[in-house]
Every structure is written in C-alpha cells, then in structure tokens.
Amino acid sequence: MQRRIFCATAALAASLCLSTGAYAQTKWDMATAYPAFNFHSKNIEQFVQDVDTATKGSLKITPHYGASLFKMPEIKRAVQTGNVQMGEFFLVSFQNEAQMFGLDGLPFLVKNYDEAFKLYQAQKPFLEKLLDKQGQVLLYAVAWPPQSIYSNKTIQSAADLKGLKWRVYSPTTARIGELVGAQPATIQEAELSQALATGVIEGLITSSATGADNKLFENLKYYYNVQAWIPKNAVTVSKKAFGALDKSTQEAVLKAAAAAEQRGWKESREVDARSIAALKQGGMQVEQPSAQLKADLGKIGATVIKEWTDKAGADGQAILDGYKAGK
Ligand code: PCA
C-alpha cells in the first residue's frame, strides 16, 4: 500500500516536472567551516534565501556548515578546482600563498570596525585579482569581531605567554607565538573545543564570537580585550559556475552578496557586544589589558608588520600607504 502511494506521488512529481517544460534549475553546494548558529552562517542562510527569491528558485544553494564538506584550509582550493561551487574561508589563513591575504591579520593596524572596513576597501581590488587568478569570484567578505586573548592563567605582560600552548590559525598568529616564546599549535575552529578539553592548547587569540560559540569559558578563565585585529571571512564562487549563469541570475547573486556584506558587517558589531556578555555570563573573567601587555603587544605588532611589508613588496607598501592616506 505504502509503496503504491509512493509510486503515485513520484509519478505526479515527474509529470509536474515535465509540464513546466523549459524550467531549468541550477544547484550549487557551498562549503563553510563554522557552525550553523554562528553569525556568518546565519548571514549565509539569508543570502541563500535572497538568491532563491530573486531567481524564483532557479538557483538553489545548499550550504554545508561546520566543515562537514571540507575542512577550512581545503575550502579555498575546493572552489578553485570546482569540487564545490561556493565556499567561505578565513582569509588570513592563506597568507603563505600571498601576503595580501594576511593584511587584515596584522596587529594594531586598525583600531575599530570603521577602520577595518576602510582597510578592506583598499585591499579589495588586490583580493579580487588574486582570487580571479585562482578561478574564483569574490562575492563578499565580512569581519569577525576584534581578536582578543584567552588564557587559562593571568597574562600581565608578553612574558606570561611564554611556554603557553598557543592555538594559531595563520602565519601571523604563529609568528606572534614564536616571538613571545609560546608553543604554537595549528587548530581549526571546528576542533577548538576538543583541543581545549584535552589540554592541547591553553591560550589563543580569537573573537568574542568564537569564544562564545565554543563556550571557551568551560576551559579557560581569562579574556583580555586587546582587539588586536579585525580579520575577515571571504565568500567566493567558482568562476566556471558563475560564468554558466545567465546575466539576470548573475546580477541577482551579486545583489544578494552586496546585501550580505552590509548585513554581515553590521551584525558583527552587534555580535561582539552580545558575545562578550555571554562570556561573562559563562564565568569568564573579562579584562582590559595591562599597560605592560599593551606595550609588549604593540612592539610585537610593529615587528610583524615590518616583516609583512618586507615580504609583501611594492603592492603591500602601496596598500598600506593608500589606507593611511585615506584614513
Ligand atoms: N574565529 C575564527 C576565525 C577568527 C575568529 O574570530 C577562528 O578562531 O578560527
């Protein structure tokens, strides 16, 4: 009986498909590394809905959250090689490929979201060009909240970071670890809770949002609001997949992307305040950095920026000059 109903339903569905004739639907998968409840993911969800509405369902994008399709470091390449049509990845993690990807991970270059957005405007043409060479279209980029220090013990100066098992996510965070004499270990966000629970790491620098998302207060006690940099996630689509769309669908995607970018930056600011409150609520001691810690980090930051500029060459210098002139 059940089988007969199923067959009848399937037949009806097939005839409906046939009757719509030329109706063609494009399906894209999207890889992302962050949990579905994270604010970047919510923003993606809205983007996907906007595209669906604007294209009357002719472009269906299915996001795969929590690194379920690819791990974060693999996502960029997966889009590049066409293994997945769309992806979201953390730009500064790719600094070894091109220094320009690491620009928004430089310590104390920007002081707040407005400056971070200006830096992004200066960086954007370079990012677009780099990604284009890698077979991708940059759809949008959204900032994480400012990056601050979490630790299992009090940190009054850089010397207190010495020997700490230090989680890193980029060449710059690894270099900072090295400069303070910590023990750097690369851990992806998706593995953060486990690494903390098993004692693989004792401290890190990340956003209030990631701290709250992963309930870092369960294993770490202190949060120092140093706001060292404001890095971004980029959302890209493979050039091939984008190029296969008709003009009006392409426009719908770009329009939804522009809206997602605006919404994401606004949401990031709000998420920061909410997440800091959640950290406190969870028992985390939220503190301002001491004058000594600030001074020490400032020096480390200057070293890291100098090293970046030396490697980034003329483009790097031009972008820093352009950003400073327009500030
Ligand atoms: N959270 C991500 C990237 C930056 C952030 O705030 C992470 O820690 O991996």
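Residues numbered from 1 in each chain as written. Predicted model: local features only at pLDDT ≥ 70, side-chain atom pairs only at ≥ 80, totals over all residues. Heavy atoms only, no water.

**So, the nonpolar core**
Part 1: Trp28, Phe47, Ile61, Met86, Leu139 and Tyr140 are the most contacted members of the largest nonpolar core, which totals 85 residues.
Part 2: Among the elements that make up this core, the one with the highest residue count is helix α10 (residues 291–326) (ten residues).
Part 3: Apart from the residues within four sequence positions on either side, Phe47 is in contact with Ile61, Met86, Leu139, Tyr140, Val253, Ala256, Ala257, Ala260 and Arg263.
Part 4: Among the nonpolar cores identified, the runner-up in size contains 13 residues, and Leu220, Tyr223, Ile276 and Leu279 belong to it. (Core = buried A, V, L, I, M, F, W, Y, C linked by side-chain atoms within 4.5 Å. Buried < 20%, exposed > 50% of the residue type's maximum accessible area, 1.4 Å probe, protein only. Helix = DSSP H or I, 4+ residues; strand = E, 2+ residues; numbered from the N terminus. Contact = heavy atoms within 4.5 Å.)

**Some words on the packing of helix α5 (residues 171–180) against α10**
Part 1: Running from N to C, α5 and α10 point in directions that differ by 130°, and their axes come no closer than 11 Å. With respect to α10, the axis of α5 lies oblique. With respect to the hand of their crossing, α5 and α10 are arranged in right-handed fashion. Only Ile300, Thr303, Val304 and Glu307 of α10 make contact with α5, whose side of the interface consists of Thr172, Arg175, Ile176, Leu179 and Val180.
Part 2: In terms of residue class, the contact of α5 with α10 is made up of five nonpolar, two polar and two charged. (Axes fitted to C-alpha atoms, helices over the stretch in contact; angles between N-to-C directions. Parallel < 35°, antiparallel > 145°, perpendicular 65-115°, else oblique. Left-handed = near helix turned anticlockwise from the far one by under 90°. Nonpolar A, V, L, I, M, F, W, Y, C, P; charged D, E, K, R; others polar.)

**Regarding unusual backbone geometry**
Part 1: In this structure, Ala67 is a non-glycine residue whose phi angle is positive, near 60°.
Part 2: Its location among the elements puts Ala67 in the loop between β2 (59–64) and α3 (72–80).
Part 3: For Phe108, which is not a glycine, the phi torsion comes out positive at approximately 60°.
Part 4: Secondary-structure assignment places Phe108 in the loop between β3 (86–90) and α4 (113–133).
Part 5: Under the relative-accessibility criterion, Phe108 is labelled partly exposed at 36%.

**Observations regarding the site of the ligand**
Part 1: As a structural note, the neighbourhood of the ligand is formed by Phe90, Trp144, Gln147, Arg167, Tyr169, Glu189, Thr206, Ser207 and Thr210.
Part 2: Take Ser207: an N or O atom from its side chain is 2.6 Å from an oxygen atom of the ligand.
Part 3: A majority-of-atoms criterion places the ligand in the largest cavity.
Part 4: Here the shell around the ligand is composed, by residue class, of three nonpolar, four polar and two charged. (Near = heavy atom within 4 Å. Polar contact = N/O pair within 3.5 Å; in protein donor to acceptor, adjacent residues only side chain to side chain. 1 Å grid on protein atoms, 1.4 Å probe; cavity = no way out; pocket = protein on both sides within 12 Å on 5 of 7 lines; lining within 4 Å. Sits in = over half its atoms within 2 Å of the grid points.)

**So, the packing of aromatic side chains**
Given two aromatic rings, their pairing is described by the distance between the two centres and the angle made by the two planes.
Part 1: Taken as a whole and judged by the stated rule, the model has ten aromatic pairs.
Part 2: Measuring from centroid to centroid gives 4.9 Å for Phe117 and Trp265, while their planes differ by 85°, and the two rings are edge-to-face. With a gap of 148 residues between them, Phe117 in helix α4 and Trp265 in helix α9 (residues 247–281) connect regions that are remote in the sequence.
Part 3: Residue classification places Trp265 among the buried positions, given a relative accessible area of 6%.
Part 4: Within the aromatic cluster, the residues linked to one another by ring pairs are Tyr34, Phe39 and Trp144. (Phe/Tyr/Trp six-rings, centres within 6.5 Å; stacked < 30°, edge-to-face > 60°.)

**Overview of the confidence of the model for the protein**
Part 1: Across the protein, the average pLDDT comes to 93, with 93% of residues at 70 or higher.
Part 2: Here residues 1–21 scores under 50 on pLDDT; set against residues more than four positions off or in separate chains, the count is zero contacts. (pLDDT = per-residue confidence, 0-100.)

**Digging into the pairing of strand β6 (residues 165–168)**
Part 1: Alignment of β6 against strand β7 (residues 183–186), held across four bridges, turns out to be parallel. Among the inter-strand pairings, Arg167 is bridged to a residue of β7, identified as Ala185.
Part 2: The parallel pair β6 and β7 is bridged by α5, and the resulting crossover is right-handed.
Part 3: In this structure, β6 lies alongside strand β8 (residues 203–207), joined through two bridges in parallel fashion. Looking at the pairing, Trp166 lines up with Gly203 of β8. (Pairing = 2+ DSSP bridges. Right-handed = clockwise from strand over helix to strand, strands pointing away.)

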